[in-house]
Structure formats: structure tokens, C-alpha cells
Amino acid sequence: MLAEEQKVVISKSISAEAPGHKEMLNYGLGFFGVILVWTLVGTFLTFYYTDVAGISAGVVGTLMLVARLFDGVTDIGMGTLVDRTKSKHGKARPWILWMGIPLGLSVILLFSVPDISGTGKIIYAYITYILLILVYTAVSIPYKTLLGLMSQEPNKRSMLNIYTGIFTMLSTLLITVLAQPVASAIGGTAGWTSVAVFCGIAITVTSFLAFRSTKERVGVSAAEQAKKDIPLKIALKALFTNKYWLIITVYCVIAYTLNALLSGAGLYYTTYILGNAAYFSLIGMLLFLPTIIGFFFIPKLVKKFGKRNIALFVSVLGIFGPLVKMIDPFSLYVFSVGTVIQGFGLLPIIMFLYAMINDTAEYGEWKFGIRTQGLVNSAASFGMKVGAGLGGALIGWLLAFGGYAGGLEVQTSSAVSMILVLNIYIPLILAVLQTVLMWMYKLDKQYPQILADLNERKL
């Protein structure tokens, strides 16, 4: 009985220190700028390189994979750096302040390929993409880590992720729906540079607002303070024996490969299969329609059924999207219906994936006595970056294999076949794998006891 009362006291103390709605709103607003950059790069950079800058699809595919693998390695280093940061502003918040402006400038450079030789364009693309990766990592890893440092209370953490989901949806829709029409209206490289300037200004402003309006609350006890700088070798061993972190990281690889295909290959599909590039704005909006609807119900459903159960249900539902598209791949109506159904599979990514990642940090601390919030987030982010890179590489490589030539009004039958594979058949396989991994993730049942045990250790 005493133990139960102690758990109630611990729960109340955690809730008392939890962030309020205004703070969560500003944290979510910070994600608006981050996701603007992520969506612009993930959705349109391949198309920009092949059809505007004139770089071959095969070269672009290799660039996407090499750069993203490098990106994943920098994630691990950045996570370790965040864990070891000592500042009056905390561990994660200072990086959000320092890196906002550099990220804004780097995204503008990325979409400003000069009119030079083919080799010069490739060199420029590699340099500016790697620059963006370095700076983006220095902003995104602290943002994700900050979620776990603002609160340990599970419902508040889920609410924080939902706030980020709202702004993630808004920024994704904004770029998906408006970027291509605006860039086309202005024309050429200047059009895409203009869109990038908007994103650069947005990330600078939202980063400052998020830094100014958030607070880090979760840390280690005084007794553990002296040993918080954990050797990287020990931290990595604990990380790779954390079964739930392994599951969620592989899930990140699969989910973000799927997301990269649905977004990055979609513009090729509307242009060459459906016959009108302007349809991409409609398809992009329909893909996020389930998320828009979900915001009205998901918070209550998560509270009642748990993050994992909701994620498993919508993942199963998402499998039927590609199956519907197979009925008539050349019909806008059929493809639109399949897109809406497939959009349910994206709900976990947008609404509570970061909360699930941070939950695995508590499991690791409970199981191994080692808390490495930054490393957990950065290593899971590595999975996201590998997935995004793999998706981008598949687009470039398979288009090149099919003989795709950027800028042509009509593509060869083999190129058309590859566009179908990228948009329907590979996504079906990935949706099934995503569902299997979520079935294996069963941390939600253990989490309340884990949290109670951890707080008892700190008394």
C-alpha cells in the first residue's frame, strides 16, 4: 500500500513540473520550420536535380544514399554531443538557438545550383547537400531530444508529440501543396530558390521562438551527476541491447523509406502516369487527410488504447492503400482513394513516433542504469535518415534503370514501369514490414511500472 501511495506522489510531482499548453505550442511551432526544410528536401530535391538542374537520375540516386548515410553517422555524433553539453540553457536548447540561421542559409544554397558544367553541378550538389546535412542534424537532434527533457509524464509526452504533429502536418501540407505551383509560376531555378528562401526565414524565426519558450526539466539525480558523462563504448552497448530501441529504429528505416517514396516519387507519378504535374498538390493533400481527421480523435484514443495499439491498427489499415491503387493505376480517382487509405500508415510518424522513441530511453535507463537521451534520439534519427536516403536512392536508381530522362514530355515504357513500382509495389512491401515491426513493439504495457521504478531510485 505504501508503495502505491509513493507512486501516486511521484506521479503528481512529475505532473506539476510538466509543460503547459503555451510551452507545448511553442515547441510544436519549432517543428514547423524544421519540417518545412525536411519536406522541401525530401519531396522535391530529387525532382529539382533531375528536371531543373539537369543532373542524371542515377547520379542523384547515389548522392541521396551517400549523403543520407553520412547524415546518419553525424546523428550519432550529435546525440553524444547533446548528452555532454553543459550550458545555462540546458543540453538541447542552446543548439536550437545557435543553428537556426545556418540551417536557413544552407537550404537556400541547396536549391541554387548554378548554370555550370555537369561535373561542376554534381560537385556543387554534393557540397551543399552535405553542408545542409551537418547543420540540419545540429538542429533536429536537439529538437527531438528536447521532447524527452521537457517531461517524463507519458500523457504530457504524448501531447507534446501531438503538438509537433499538428505543426508537422501544417508545414508538410504547405510545402506539398504550394511549393510546386509557386516554383513553376516563377520558373526555373529561381522558382525553387524563392521557395527555399521562404523556408530559410521560417526555420530561423521558429527556432528562436522554440528556444525562448521551452524549459528542460528531466535530468539525473545529484548522486548520478558525477557519472553522467558515460563513455561512448558503454553507451552504445546499452543502446544496441535495448530491444525496444532496436525495433523502433528499424521501424524508422522502413517508415521513412515508405514516406520518401510516397512523397519523392509522387511528382513523377502525377506527371507521367496521370498526365498532369498539378495533380501532385491534390495527391499530397489527400495523403495527409487521415492525419487531419486523426487530430480530432487520436489524443483520446492514445490515452485509452496506448500509442502502440493505435500505431498497429493504422499500419494494418495502410496496407490496403497500395492494393486499391492496383485496381487501376492510371485512374486519378482510384489512385486518390488508395492514397487516402495509405495515409493512415503515416499517422504514427507524424503524431507520436518521437514520443515512442523517447520512451525507449526510459526503458534503457531502467534496464541498464544508463540514460542517454541524446544518443537514443540521434540513433533512431539515423534510422530515419537511412530510410529517407534509401527511398531517394531507389527513386534515382530505378528511374535510371528504366531509362528515365528528365524534362521529356513522354517517357519510355520501362521508365513508366519503374514509376509504378516506386509508387505502388515497393510501398506495399514496406507497409507490411512496418506492421510486423509495430506488432513486435510492446513497451506501452511496461512503461508505467518502469517510470515508477525509476522515480523510486531517485528518492
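Residues numbered from 1 in each chain as written. Predicted model: local features only at pLDDT ≥ 70, side-chain atom pairs only at ≥ 80, totals over all residues. Heavy atoms only, no water.

### Focus: the overall build of the chain
If you tally the helices and strands in the chain, you get 21 helices and 0 strands. In terms of overall size, the chain behaves like a compact globule, its C-alpha atoms giving a radius of gyration of 22 Å where 459 residues would be expected to give roughly 23 Å. Across the chain, every contact between residues at least 6 apart in sequence was considered, and the portion connecting residues at least 24 apart equals 85%. Roughly 17,900 Å² of accessible area belongs to the chain as shown, and the carbon and sulfur atoms make up 71% of that amount. Both charge centroids of the chain, one from 34 positive and one from 21 negative side chains, sit 4 Å from each other. (Helix = DSSP H or I, 4+ residues; strand = E, 2+ residues; numbered from the N terminus. Rg over C-alpha atoms; globule rule 2.2 N^0.38 Å. Contact = heavy atoms within 4.5 Å. Areas by Shrake-Rupley, 256 points an atom, 1.4 Å probe, with all protein chains shown as cover. Lys, Arg positive; Asp, Glu negative; His and termini not counted. Charge placed at Lys NZ, Arg CZ, Asp CG, Glu CD.)

### Considering the pattern of salt bridges
As enumerated under the stated definition, the model contains 1 salt bridge in all. Lys-307 is the salt-bridge partner of Asp-359, the closest N and O atoms lying 3.0 Å from each other. Placement of the pair is Asp-359 in helix α18 (residues 353–368) and Lys-307 in helix α14 (residues 307–318), with a sequence separation of 52 residues. Like Asp-359, the residue Lys-307 is buried in the burial classification. (Salt bridge = Lys/Arg side-chain N within 4 Å of Asp/Glu carboxyl O. Buried < 20%, exposed > 50% of the residue type's maximum accessible area, 1.4 Å probe, protein only.)

### Considerations on α18
With 16 residues, α18 extends 23 Å from end C-alpha to end C-alpha; this agrees with the ideal 22 Å at 1.5 Å per step. Within α18, 13 of the 16 residues are buried, leaving the element largely enclosed by the surrounding structure. Gly-369 occupies a position one or two residues after α18 and carries a positive phi of about 75°. (Expected span 1.5 Å × (residues − 1).)

### Quick notes on the packing of helix α2 (residues 21–52) against helix α5 (residues 118–150)
Orientation of α2 relative to α5, taken along the N-to-C sense of each, is 155°, at an axis distance of 11 Å. In terms of orientation, α2 lies roughly antiparallel with respect to α5. At the point where α2 passes α5, the crossing takes the left-handed sense. Of the residues in α5, those in contact with Glu-23, Tyr-27, Gly-30, Phe-31, Val-34, Val-37, Trp-38, Val-41, Leu-45 and Tyr-49 of α2 are Ala-125, Thr-128, Tyr-129, Leu-132, Tyr-136, Val-139, Tyr-143, Lys-144, Leu-146, Leu-147 and Met-150. Split into classes, the residues belonging to the contact of α2 with α5 amount to 17 nonpolar, 2 polar and 2 charged. (Axes fitted to C-alpha atoms, helices over the stretch in contact; angles between N-to-C directions. Parallel < 35°, antiparallel > 145°, perpendicular 65-115°, else oblique. Left-handed = near helix turned anticlockwise from the far one by under 90°. Nonpolar A, V, L, I, M, F, W, Y, C, P; charged D, E, K, R; others polar.)

### Quick notes on the nonpolar core
Among the nonpolar cores identified, the biggest contains 134 residues, and Leu-40, Leu-45, Tyr-49, Phe-111, Tyr-129, Ile-357 and Leu-422 are the most heavily contacted of them. By residue number, the principal contributor to this core is α2, which donates 16 residues. Apart from the residues lying within four places of it in its own chain, the contact partners of Tyr-49 are Gly-54, Ile-55, Val-60, Leu-63, Met-64, Leu-110, Val-113, Ala-125, Thr-128 and Tyr-129. (Core = buried A, V, L, I, M, F, W, Y, C linked by side-chain atoms within 4.5 Å.)

### A short note on the environment of Leu-209
By the secondary structure assignment, Leu-209 is in helix α7 (residues 188–213). We classify Leu-209 as partly exposed; its relative accessible area is 21%. When residues no more than four places from it in sequence are discounted, the contact partners of Leu-209 are Asn-26 and Leu-29.

### Focus: the side chain of Ser-207
With respect to the element layout, Ser-207 can be found in helix α7. In this structure, Ser-207 is in contact with Ile-96, Gly-100 and Tyr-143, ignoring residues within four places of it in sequence.

### Side note on the confidence of the model for the chain
Should pLDDT be low for a region, the predicted coordinates there are not to be read in detail. The predicted model of the chain has a mean per-residue pLDDT of 84, with 92% of residues at 70 or higher. Here helix α1 (residues 2–16) is the element of the chain with the lowest mean pLDDT, 44, and helix α15 (residues 320–325) is the one with the highest, 96. Scored below 50 in pLDDT, residues 1–16 makes 14 contacts in the model with residues more than four places away or belonging to other chains. Here residues 220–227 scores under 50 on pLDDT; set against residues more than four positions off or in separate chains, the count is 3 contacts. (pLDDT = per-residue confidence, 0-100.)

### Re the packing of aromatic side chains
Per the counting criterion, the structure on display carries 18 aromatic pairs. Here the aromatic rings of Trp-38 and Tyr-256 are separated by 5.7 Å at their centres, their planes lie at 85°, and the arrangement is edge-to-face. Taken together, the positions of Trp-38 in helix α2 and Tyr-256 in helix α9 (residues 243–264) put the pair 218 residues apart, joining distant regions of the chain. Each member of the pair, Trp-38 together with Tyr-256, is buried. Three or more aromatic residues joined by ring pairs make a cluster, and in this case those are Phe-44, Tyr-48, Tyr-49, Phe-111, Trp-192 and Phe-280. Taking NZ or CZ as reference, Arg-93 lies 4.6 Å from the ring centre of Phe-211, over its face. (Phe/Tyr/Trp six-rings, centres within 6.5 Å; stacked < 30°, edge-to-face > 60°. Lys NZ or Arg CZ within 6 Å of the ring centre and 35° of its normal.)

### A word on a nonpolar patch on the surface
Taken together, Leu-289, Ile-293, Phe-296, Phe-297, Leu-301 and Phe-305 make up a surface patch of nonpolar side chains, about 590 Å² in accessible area. Tracing the backbone shows Leu-301 in helix α13 (residues 298–305). (Patch = residues over 30% accessible without salt bridge, like charges linked within 9 Å, V, L, I, M, F, W, Y side chains within 5 Å.)

### What about the environment of Phe-167?
Position of Phe-167 relative to the elements: it lies in helix α6 (residues 154–186). Accessibility expressed as a relative area gives 13% for Phe-167, which makes it buried. A sequence separation of 137 residues divides Phe-167 from Gly-30, and the C-alpha atoms of the two residues are 8.4 Å apart. Setting aside residues up to four positions removed in sequence, Phe-167 forms contacts with Leu-25, Gly-28, Leu-29 and Phe-32.

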